[in-house]
Amino acid sequence: MLSNWGWCPRGGHCSSGHNADASVVWEGSLLVQGTNFQFDKEQWMRANVYGKLINSSLRNV
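1. Let's talk about the overall build of the protein
Here is step 1 of the chain: Across its full length, the protein holds zero helices and four strands.
Here is step 2 of the chain: Sequence-ordered secondary structure for the protein, helices as α and strands as β, is β-β-β-β.
Here is step 3 of the chain: Against the 2.2 N^0.38 benchmark of 10 Å for 61 residues, the protein shows a C-alpha radius of gyration of 18 Å, more extended than a compact globule.
Here is step 4 of the chain: Reported as C-alpha extents along the three principal axes, the dimensions of the protein are approximately 65 × 20 × 15 Å.
Here is step 5 of the chain: Sorting the 61 residues of the protein into buried and exposed places 11% on the buried side.
Here is step 6 of the chain: Restricting the contact set of the protein to residue pairs at least 6 apart, pairs at least 24 apart contribute 13%.
Here is step 7 of the chain: Total accessible area on the protein is roughly 5300 Å²; 55% of this is exposed by carbon and sulfur atoms.

Laid out in structure tokens, this is it:
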């Protein structure tokens, strides 16, 4: 997904562009001594137009 951004420093020229946003949900389970643990995580990333990662997160779902 593309997101828009804009930035205008005081007294300077404004610039704007697009970032690429991506997310994936990881699902897993773990069996420990007969007990099953289920976990889900969402990973989110944002990269700029040059492909550089500028923000990311990993959280419980």
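2. Some points on the pairing of strand β4 (residues 53–60)
On a regular strand, one side chain projects to one face of the sheet and the next to the other, so that they alternate.
Here is step 1 of the chain: Of the strand pairs in this sheet, strand β3 (residues 35–47) and β4 are connected by seven bridges, and their pairing is antiparallel. In the sheet register, R46 faces β4, and the bridge partner there is N55.
Here is step 2 of the chain: In sequence, β3 turns back onto β4 through a hairpin of five residues, with G51 there showing a positive phi of about 85°.

3. A short note on the pattern of salt bridges
Here is step 1 of the chain: Inspection of every chain in the model, using the stated rule, returns two salt bridges.
Here is step 2 of the chain: For R46, the salt bridge is made with D21, and the minimal N-O distance between the two is 2.7 Å. In this pair, R46 is assigned in strand β3 and D21 in strand β2 (residues 15–32), connecting sequence segments 25 residues apart.
Here is step 3 of the chain: For D21, a relative accessible area of 9% puts it in the buried group.

4. A short note on the environment of Q33
Here is step 1 of the chain: Position of Q33 among the secondary structure elements: in the loop between β2 and β3.
Here is step 2 of the chain: For the pair formed by Q33 and S56, sequence separation is 23 residues and the distance between their alpha carbons is 34 Å.

5. Regarding unusual backbone geometry
Here is step 1 of the chain: Even without being glycine, Q33 reaches a positive phi, approximately 45°.
Here is step 2 of the chain: Residue Q33 is classed as exposed on the basis of its relative accessible area of 82%.

Parameters and conventions
- Residues numbered from 1 in each chain as written.
- Predicted model: local features only at pLDDT ≥ 70, side-chain atom pairs only at ≥ 80, totals over all residues.
- Heavy atoms only, no water.
- Helix = DSSP H or I, 4+ residues; strand = E, 2+ residues; numbered from the N terminus.
- Rg over C-alpha atoms; globule rule 2.2 N^0.38 Å.
- Buried < 20%, exposed > 50% of the residue type's maximum accessible area, 1.4 Å probe, protein only.
- Contact = heavy atoms within 4.5 Å.
- Areas by Shrake-Rupley, 256 points an atom, 1.4 Å probe, with all protein chains shown as cover.
- Pairing = 2+ DSSP bridges.
- Salt bridge = Lys/Arg side-chain N within 4 Å of Asp/Glu carboxyl O.

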